[in-house]
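# Per-entry structural report
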Amino acid sequence: MSKVNMRFLFGHTASLCLYSAIAVILPVKSASATEGTLLYTSDSGFLFALSEKATAKEIYAWVDRQKDDAGVDIYAQMVFHQGWVELFQSEFAEHDTRKKYKRLESLFAQGTQLLNLFIERTHHKGMKFVAAIRMNDRHGHNKKFLDAHPDWLLEEFPFGVDFSIREVREWMFNIMNEIVQKFDVDGLDLDFMRSGHMFPRETARESHAKMTDLLRQVKTMLDATSKLKSKELSLGVRVPQTLHECRLLGLDVPTWIKEGLIDSITPSDDYFTDFNAPYEEFGELIKGTGIKMYPSIHPPVAEGYRQLNHTHMSRAMYRAAVKNFYMAGAHGVSVYNYHYAWRAGWNPPRARYVMKWLREFKYPQKLETGDRHYAFYPLRSSPVNIRWETGY
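Now for a quick tour of the structure. (Residues numbered from 1 in each chain as written. Predicted model: local features only at pLDDT ≥ 70, side-chain atom pairs only at ≥ 80, totals over all residues. Heavy atoms only, no water.)

### Focus: the environment of H197
Rules: Elements are defined by DSSP. Helices are runs of H or I of four residues or more, strands are runs of E of two residues or more, and each kind is numbered from the N terminus.
Tracing the backbone through its elements, the reader meets H197 in the loop between β6 (187-191) and α7 (208-229). As for H197 and V161, which are separated by 36 residues in sequence, their C-alpha atoms are 8.9 Å apart.

This is the structure we're talking about:
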């Protein structure tokens, strides 16, 4: 018999805890699948697994680990962020120039498009490869890009670009189209959680048609290329984990679903795992559409929890969160920033150990047999930094 650890039930905020407890014990739908899909999103964290002079063999070993240890079905590698591209040379943007990417220089010097190494190995291991696009990453590291396009920037949200500007949307489309035409990807995954705001706050709710038009353009391009390449190309989106928040940001998710513009949706916080978000809102919208839902897990559970020096989710916490996902109608699980699960740097024994946890999360019924630890902390115990907040 599995044990449900409820020791955090009476945490920082009693009303929040009570609400969360009710959310867990109310009658829910049965799990949506006997075997779910595991979508693993990787950013530059993979660099920790490479030597100072990276080799193709090391990249293959990283990709192999996703399948052999975790049982990943769809591997999403970040290839665009902050105005930079990653792992290939582009006509429309420069490659990330930061120090940590120096280890890739020897491979580029050989004329290697590193993105091809990832794609070929992913397919060799029986996984699908999707190119992850951070739609408006506002870490602010690419000063050259920011200085070159002052007229594109969101004044209210530092380091972000304004998607109400036609040239911004055209530029983003050109990068996506370039990736799809040049590389044997299986689709695109558009990450709207890096970093939330796409439009000025005052006009965001009225700007949804502009983002929807961009998605129509991308979907049309994918469908046309699917016919040319005789393979299905998918479009996934990572969005805030409530429909209300999506609306505030100008992301018209109901229309995207109604028009069949997307093939999968990942409701997600930007950094933490949320046990109690209303994922069922999305589950209801996608019923009968064929669109898949993959809510996201992240290694940090909450800011307050981190301040207690327990930085990462335990295996039992992941089980609890993923169990709730399936009960809300999910078809699988998305994994984000998972390299934090083995702490800073590269720790192969720890990494392989926690990667193997993921395999269990593909099977809703297996989650019944292990301990499940439901944490009831607010995601953030301090005012949200304006750089990351998403609308409230």
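What follows picks up the thread again.
### Focus on the side chain of N324
Heads up, the condition is: Burial here depends on accessible area, computed with a 1.4 Å probe over protein chains only, as a share of the maximum for the residue type. Under 20% is buried, over 50% is exposed, and the range in between is partly exposed.
Positionally, N324 belongs in helix α12 (residues 315-327). A relative accessible area of 16% places N324 in the buried class.

### A look at the packing of helix α6 (residues 166-182) against α7
Threshold: Under this scheme, a helix contributes an axis fitted over its contacting stretch, all axes are lines through C-alpha atoms, and angles between N-to-C directions fall in the 0 to 180 degree range. The cut-offs work like this: below 35 degrees is roughly parallel, past 145 is roughly antiparallel, 65 to 115 is roughly perpendicular, and the gaps in between are oblique. Crossing handedness: left-handed means the near helix sits turned counterclockwise from the far one by under a right angle, and right-handed means the same turn made clockwise. We call two residues in contact whenever any of their non-hydrogen atoms come within 4.5 Å of each other. Gly is placed with the polar residues, together with every amino acid not listed as nonpolar (Ala, Val, Leu, Ile, Met, Phe, Trp, Tyr, Cys and Pro) or charged (Asp, Glu, Lys and Arg).
α7 packs onto α6 with a crossing angle of 20° between their chain directions and a minimal axis gap of 11 Å. Viewed along their axes, α6 and α7 adopt a mutual orientation that is roughly parallel. Classified by chirality, the crossing of α7 by α6 is right-handed. In contact with R169, F173, M176, N177, V180 and Q181 of α6, α7 contributes K210, L214, Q217, V218, M221, L222, T225 and K229. Here the contact of α6 with α7 is built from residues that sort into seven nonpolar, four polar and three charged.

### Examining the pattern of salt bridges
So the rule is basically this: The salt bridge definition used is simple: a Lys or Arg side-chain nitrogen within 4 Å of an Asp or Glu carboxyl oxygen.
With the rule as written, the count across this model stands at 27 salt bridges. In this structure, R121 and D64 form a salt bridge, with 2.8 Å as the shortest nitrogen-oxygen distance. In this pair, R121 sits in helix α4 (residues 114-124) while D64 sits in helix α2 (residues 56-68), placing the two residues 57 residues apart along the sequence. Its relative accessible area of 14% is what places D64 among the buried residues. R134 serves as the salt-bridge partner of D137, at 2.9 Å between the closest nitrogen and oxygen. Like D137, the residue R134 is buried in the burial classification.

### With respect to the side chain of R103
Rule in force here: Distance and chemistry together define a polar contact, namely a pair of N or O atoms within 3.5 Å, with one atom able to donate a hydrogen and the other to accept it when in protein, and with adjacent residues in sequence counting only for side-chain atoms on both sides.
Counting through the fold element by element, R103 comes out in the loop between β4 (84-85) and α3 (105-109). Polar contacts involving the side chain of R103 include one to the main-chain carbonyl oxygen of K100, which spans 3.1 Å. R103 has contacts with L47, F48, L50, S51, E52, K53 and A54, leaving out every residue within four places of it along the chain.

### What about the environment of T55?
The topology assignment puts T55 in the loop between β2 (37-42) and α2. Counting along the chain gives 48 residues from T55 to R103, while the straight-line C-alpha distance between them is 9.1 Å.

### Some words on the nonpolar core
Quick reminder of the rule: For this analysis, a nonpolar core means a set of buried residues of the types Ala, Val, Leu, Ile, Met, Phe, Trp, Tyr and Cys, connected via side-chain atoms within 4.5 Å.
Core analysis: the largest hydrophobic core is formed by 111 residues, its most contacted members being L188, F192, W256 and Y338. Apart from residues lying up to four places away in sequence, F192 is in contact with M135, M198, M211, L215, V237, R238, V239, L251 and W256. Listed in part, the six residues of the second largest apolar core include L39, V130, A132 and Y294.

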